[in-house]
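Single-letter residue listing:
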Amino acid sequence: MRRGVNPRPTASEKEKGKSQRARTVTQMASDKVRVAVIGMGGMGVGHANAYRGDPRCEIVAVCDQSKTWADKAKKEFGAKYAFTTFEEVAACEAVDAVSVCLPALFHEPASVACLDAGKHVLCEKPMTTSVASAKRMARAVKRSGKVFLIGHNQRFGPDIQFLKEYIEAGNLGEVYFARTAWRRPMGMLVTPTARHANGEVYSRNWFNERKMGGGVGWDLGSHVLDLVLYFMDFPKVKEVTGCAYTKFGPEMVAGQDFVFDVDDHTVGFVKFENGASLQVEMSFGSYVEREQILQAVYGTKGGALRDWGQPMKLFSRTGDTYTTVLPRIDKPGTSPMAHFVDCILNGTPPLVTADQGVIVTEIISGIYESGEEG
Ligand SMILES: NC(=O)c1ccc[n+]([C@@H]2O[C@H](COP(=O)([O-])OP(=O)(O)OC[C@H]3O[C@@H](n4cnc5c(N)ncnc54)[C@H](O)[C@@H]3O)[C@@H](O)[C@H]2O)c1
């Protein structure tokens with residue numbers, strides 16, 4: 001049996017994982033993990049491709065609200081079942097584990113239905129779009145004793161794992177501030193429609209609709225907040241403030257039968273109970289030079305800068321000399337799907353937990369609720 005490459009759990013994760021490991025090592029009804037993918041859009045197809053390439057898995061079901069596309073995808077992935085609702089997946093006894101790749105609005109009901117039906121759940125990001133909902137999901141995870149993982153795929157990258165280990169080893173000293181951003185230049189707003197592989201056009205305007213869980217805070221913000229909070233060890237939030245702007249989206253959909261009522265550029269500032277703070281910026285489109293996914297971590301002994309696509313930089317001091325090092329990162333990363341299967345089969349503690357998702361949700365909700373909209 002091929003094993004995925006595990007991101008190495010940190011000391012605190014190992015400790016937290018002990019009890020979960022005892023609970024989640026699973027006796028499978030089949031010698032493979034029998035997986036269903038719910039929501040066969042861009043991400044769902046990506047998840048299905050990952051499971052298809054993993055000999056430890058069998059794709060038994062796909063689910064999409066488009067019946068024609070679900071039927072086509074069933075054939076493409078050699079599944080037994082094509083469903084159109086997540087309730088049917090939850091009720092299907094042939095399914096051990098699911099990927100929830102639906103619009104954010106449906107993350108809670110689909111995840112909770114599947115957890116309550118005894119299935120392991122890999123839920124795409126954002127975990128959900130309100131604190132009450134995130135807490136309900138966290139309770140469902142505890143109640144079920146099943147594996148629950150949030151699909152923050154960047155966490156599984158080799159650079160992120162390297163930097164986490166570097167920070168955990170004390171190289172930055174006390175981490176007191178972090179700055180993070182995912183900003184896109186003009187021309188990258190989420191278009192209202194896309195095409196499935198069978199040519200069928202479908203609406204993916206949910207990214208742009210508040211009632212569907214859209215908005216740049218939830219979409220891009222959840223990723224980058226998750227990363228810096230991971231570096232800071234998810235401290236307790238004390239205070240959140242921010243501004244959410246809607247400047248360009250309505251013009252993109254003008255004259256079309258689509259709504260754009262979410263933020264397309266949002267900034268926030270967070271204070272933590274341990275005295276640390278962070279600054280975040282996320283943008284679907286603004287007048288900036290290039291797309292940037294940035295994490296800058298400031299410590300008392302050193303600093304680190306991850307600017308996606310550029311070499312990582314580590315800043316420190318030896319005596320009177322200040323140095324910048326570009327570390328060689330030669331370990332491979334992994335994917336959330338391979339890690340999810342490891343968690344199920346081997347009891348590996350999930351790298352992105354529901355409790356961490358609650359903290360990310362609190363911050364994004366806090367920014368939106370701080371009342372500043374432009
Ligand atoms: N990890 C990442 O980097 C990353 C990147 C993109 C999207 N995502 C996340 O993945 C999820 C899906 O995003 P996407 O880009 O694939 O969206 P998408 O709109 O392309 O696909 C969603 C699919 O779900 C189907 N669907 C919608 N509502 C449904 C319902 N109630 N029941 C059954 N099927 C339904 C749609 O027909 C569509 O095929 C979202 O949570 C998104 O935030 C994550």
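What counts, and at which threshold
Residues numbered from 1 in each chain as written. Predicted model: local features only at pLDDT ≥ 70, side-chain atom pairs only at ≥ 80, totals over all residues. Heavy atoms only, no water. Buried < 20%, exposed > 50% of the residue type's maximum accessible area, 1.4 Å probe, protein only. Helix = DSSP H or I, 4+ residues; strand = E, 2+ residues; numbered from the N terminus. Pairing = 2+ DSSP bridges. Phe/Tyr/Trp six-rings, centres within 6.5 Å; stacked < 30°, edge-to-face > 60°. Lys NZ or Arg CZ within 6 Å of the ring centre and 35° of its normal. Arc of directions from axis to C-beta. Contact = heavy atoms within 4.5 Å. Domains from an automatic or database assignment. Buried area = accessible area lost by both parts, 1.4 Å probe. Salt bridge = Lys/Arg side-chain N within 4 Å of Asp/Glu carboxyl O. Polar contact = N/O pair within 3.5 Å; in protein donor to acceptor, adjacent residues only side chain to side chain. Nonpolar A, V, L, I, M, F, W, Y, C, P; charged D, E, K, R; others polar. Core = buried A, V, L, I, M, F, W, Y, C linked by side-chain atoms within 4.5 Å. Axes fitted to C-alpha atoms, helices over the stretch in contact; angles between N-to-C directions.

### Focus on the pairing of strand β7 (residues 175-185)
Next, step 1: Taking burial as the measure, the eleven residues of β7 include nine buried ones, the bulk of the element.
Next, step 2: Across eight bridges, the pairing between β7 and strand β13 (residues 292-299) is antiparallel. Counted as the bridge partner of A181 is L294 from β13.
Next, step 3: Of the strand pairs in this sheet, β7 and strand β12 (residues 277-286) are connected by eight bridges, and their pairing is parallel. Considered in β12, the bridge of P185 is made with S286.

### Quick notes on the packing of aromatic side chains
Next, step 1: Going through the model one piece at a time under the given rule, you end up with seven aromatic pairs.
Next, step 2: The residue whose ring lies beneath R155 is Y230, and the NZ or CZ to ring-centre distance is 4.0 Å.

### Observations regarding helix α3 (residues 67-77)
Next, step 1: Within the span of α3, buried status applies to W69, A70, A73 and F77. Relative to the axis of α3, the buried residues are bounded by an arc of 100° and lie together on one face. What points out from α3, more than 90 degrees from its buried face, is the exposed set T68 and K75.
Next, step 2: On its buried side, α3 packs onto α2 (42-52), β2 (57-63) and β3 (81-83).
Next, step 3: Positive phi shows up at G78, right after α3, with a value of about 65°.

### Considering the domain arrangement of the chain
Next, step 1: Taken domain by domain, the chain holds domain 1 (11-153 + 336-352) and domain 2 (155-332 + 360-369).
Next, step 2: The straight-line distance from the C-alpha centre of domain 1 to that of domain 2 is 24 Å.
Next, step 3: Looking at the side of domain 1 facing domain 2, the largest losses of area belong to W69, H152 and L351, adding up to 25% of the total buried there.
Next, step 4: In this assembly, domain 1 and domain 2 are joined by one salt bridge.
Next, step 5: The salt bridge involving K125 is made with D219; its shortest N-O contact spans 2.6 Å.
Next, step 6: The interface formed by domain 1 and domain 2 contains ten residue pairs in polar contact (both at pLDDT 80 or more).
Next, step 7: Taken together, the elements giving at least two residues each to the side of domain 1 that touches domain 2 come down to α1 (11-24), α3, α6 (131-144) and α10 (336-346).
Next, step 8: Tallied by class, the residues present in the side of domain 1 that touches domain 2 amount to 15 nonpolar, twelve polar and five charged.

### Side note on the nonpolar core
Next, step 1: If you look at the biggest cluster of nonpolar residues, it comprises 106 residues, and the most contacted ones within it are I38, Y51, V98, F148, L229 and L278.
Next, step 2: Each of domain 1 (11-153 + 336-352) and domain 2 (155-332 + 360-369) accounts for three or more of the residues forming this core.
Next, step 3: If we ignore the near neighbours within four places in the chain, the residues touching Y51 are V35, V37, C57, I59, S99, L122, M337, F340 and V341.

### Concerning the sheet that holds strand β11 (residues 265-272)
Next, step 1: Pairing is mixed in the open sheet, where eight strands are placed in the order β10-β11-β12-β7-β13-β14-β15-β16. The sheet is open, and its two borders are formed by β10 (237-245) and β16 (321-325), each paired with just one other strand. In this sheet, adjacent strand axes meet at a mean angle of 10° when their direction is disregarded.
Next, step 2: Here strand β14 (residues 302-307) runs beside strand β15 (residues 313-318); their pairing, made up of four bridges, is antiparallel. From the neighbouring strand, L305 faces β15, where its bridge partner is K313.
Next, step 3: Here helix α8 (residues 216-232) sits on the sheet in contact with β7, β11, β12, β13 and β14, set at roughly 150° to β12.

### Regarding unusual backbone geometry
Note on backbone geometry: most residues besides glycine have negative phi, and most peptide bonds are trans.
Next, step 1: At the junction of K125 and P126, the peptide bond is cis and its omega measures out at -10° in the coordinates.
Next, step 2: For P126, the location among the structural elements is in the loop between β5 (120-123) and α6.
Next, step 3: Its identity as a non-glycine residue notwithstanding, D233 has a phi of 70°, on the positive side.
Next, step 4: Tracing the backbone through its elements, the reader meets D233 in the loop between α8 and β10.
Next, step 5: Even without being glycine, F234 reaches a positive phi, approximately 45°.

### Observations regarding the environment of I367
Next, step 1: Looking at where I367 falls in the secondary structure, it is placed in helix α11 (residues 354-369).
Next, step 2: With relative accessibility at 1%, the residue I367 sits in the buried group.
Next, step 3: The contacts of I367, once residues within four sequence positions are left out, are V240, T241, G242, C243, T266, V267, G268, V280 and M282.

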